[in-house]
Amino acid sequence: MTVKWLMHFQPNQGTTLTSQVMAEACAVAESFPGVSRDGRWRSSMTFYRAVPRDQSLPAPSDLPRDLIGISLHDLPNEYLFVMRSQRLILRAHSSVQTVMDKLQSYKGRFFINFEGLQYKWGDFKLRIGKCLYNPNEALRGIVMEVEYLPLSSIDKSQRVMEEFYEIWREAVASKLLAGQFINTEVNFVEYGLGDSYTPQHTAVLYGMCVVQVIASSNKNQ
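In this text the structure is predicted, and so the values were computed from the model without any measurement.

### A few points about the overall build of the chain
And step 1. From N to C terminus, the chain includes four helices and nine strands.
And step 2. Along the chain direction, N to C, the helices and strands of the chain fall in the order β-α-β-β-β-β-α-β-β-β-α-β-α.
And step 3. Rg of the C-alpha trace for the chain: 18 Å, near the compact-globule value of 17 Å for 221 residues, within the 12% margin.
And step 4. Its C-alpha atoms put the chain at 60 × 40 × 30 Å along the principal axes.
And step 5. The burial tally for the chain puts 47% of its 221 residues in the buried class.
And step 6. Across the chain, the fraction of contacts at a sequence separation of at least 24, relative to all contacts at a separation of at least 6, is 66%.
And step 7. By element, 51% of the accessible surface of the chain is carried by carbon and sulfur atoms, the whole surface being about 11300 Å².
And step 8. Distance from the positive charge centre (23 side chains) to the negative charge centre (22 side chains) of the chain: 6 Å.

### Some thoughts on the sheet that holds strand E2 (residues 36-50)
And step 1. The nine strands lie next to each other as E5-E4-E3-E2-E6-E7-E8-E1-E9, forming an open sheet whose pairing is antiparallel. Each having just a single partner strand, strand E5 (88-93) and strand E9 (179-183) make up the two edges of the open sheet. Geometrically, the sheet is characterised by an average inter-axis angle of 25 degrees between neighbouring strands, direction not taken into account.
And step 2. Relative to strand E4 (residues 78-83), strand E3 (residues 67-71) runs antiparallel, the two sharing four bridges. Of the residues in E4, the one forming a bridge with Ile68 is Val82.
And step 3. Strand contacts of helix H2 (residues 96-103): E2, E3, E4, E5 and strand E6 (106-121), with the helix running at about 60 degrees to E4, the strand carrying the most contacts.

### Some words on the packing of helix H1 (residues 19-30) against helix H3 (residues 154-174)
And step 1. The geometry of H1 relative to H3 is characterised by a closest axis approach of 10 Å and an angle of 120 degrees between their N-to-C directions. Relative to H3, the element H1 is oriented oblique. Along this stretch, H1 crosses H3, giving a crossing that reads as right-handed. Residues Ala25, Val28 and Ala29 of H1 form the contact with H3, whose participating residues are Trp168, Ala171 and Val172.

### Side note on the environment of Pro52
And step 1. Tracing the backbone through its elements, the reader meets Pro52 in the loop between E2 and E3.
And step 2. Classification of Pro52 by relative accessible area gives buried; the value is 12%.
And step 3. Note: C-alpha distance between Pro52 and Gln104 (52 residues apart in sequence) is 8.7 Å.

### Some remarks on unusual backbone geometry
And step 1. Despite not being glycine, Arg87 shows a phi value in the positive range, around 55 degrees.
And step 2. Phi at Leu176 takes a positive value of approximately 60 degrees, unusual for a residue other than glycine.

### A closer look at the side chain of Ser153
And step 1. Take Ser153: it is sitting in the loop between strand E8 (141-148) and H3.
And step 2. Looking at Ser153, the relative accessible area reads 10%, which means it is buried.
And step 3. Within the structure, the side chain of Ser153 is placed 2.6 Å from the side chain of Asp195, a separation counted as a polar contact.
And step 4. When residues no more than four places from it in sequence are discounted, the contact partners of Ser153 are Val3 and Asp195.

What counts and what doesn't
Residues numbered from 1 in each chain as written. Predicted model: local features only at pLDDT ≥ 70, side-chain atom pairs only at ≥ 80, totals over all residues. Heavy atoms only, no water. Helix = DSSP H or I, 4+ residues; strand = E, 2+ residues; numbered from the N terminus. Rg over C-alpha atoms; globule rule 2.2 N^0.38 Å. Buried < 20%, exposed > 50% of the residue type's maximum accessible area, 1.4 Å probe, protein only. Contact = heavy atoms within 4.5 Å. Areas by Shrake-Rupley, 256 points an atom, 1.4 Å probe, with all protein chains shown as cover. Lys, Arg positive; Asp, Glu negative; His and termini not counted. Charge placed at Lys NZ, Arg CZ, Asp CG, Glu CD. Pairing = 2+ DSSP bridges. Axes fitted to C-alpha atoms, helices over the stretch in contact; angles between N-to-C directions. Parallel < 35°, antiparallel > 145°, perpendicular 65-115°, else oblique. Left-handed = near helix turned anticlockwise from the far one by under 90°. Polar contact = N/O pair within 3.5 Å; in protein donor to acceptor, adjacent residues only side chain to side chain.

Quick look at the structure:
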């Protein structure tokens, strides 16, 4: 059982996002009484574009143009696809990436990695990570995945997640970080997802959150 929220760091106007901000965010988590470091985590995302078999022709209109592939840290043997315009999520074995490479129907346009530290705090797991377009590129964003372990009902966990969010925001403000963490709000019903939390919910969260990360990164460049 689990429910997750996903947040991204919104820097103050004119603030440059650096690894120091990431370190300060981790320091906030480490200041919580009873928190313990619980290893590292890494998830990745690929934005695909449709590739027509005849390169002189446009891609067929029936192929989704905004296909996003997501590999989640806690599901190493699975791969999820999000088609935002169609409001669809597909779940497949991780080997589907090899099949896609062979078929050449889609080609990766650009890639995003999320990687950082994981913490255990009571019934919560906190994952704070950098958002990097490519391993050698500059930091583009910071995200925090909050996982509440006792429940899988989104409605029943709403209050406790909101309470954690307020505690976190107050802790961030007390440490004078140059910005704040913004929760990613999604209408899961639009994707045909119910109250019981699933990996498909996580995929939708990442698909929406990365749009906000990119917009924030472009705004502060």
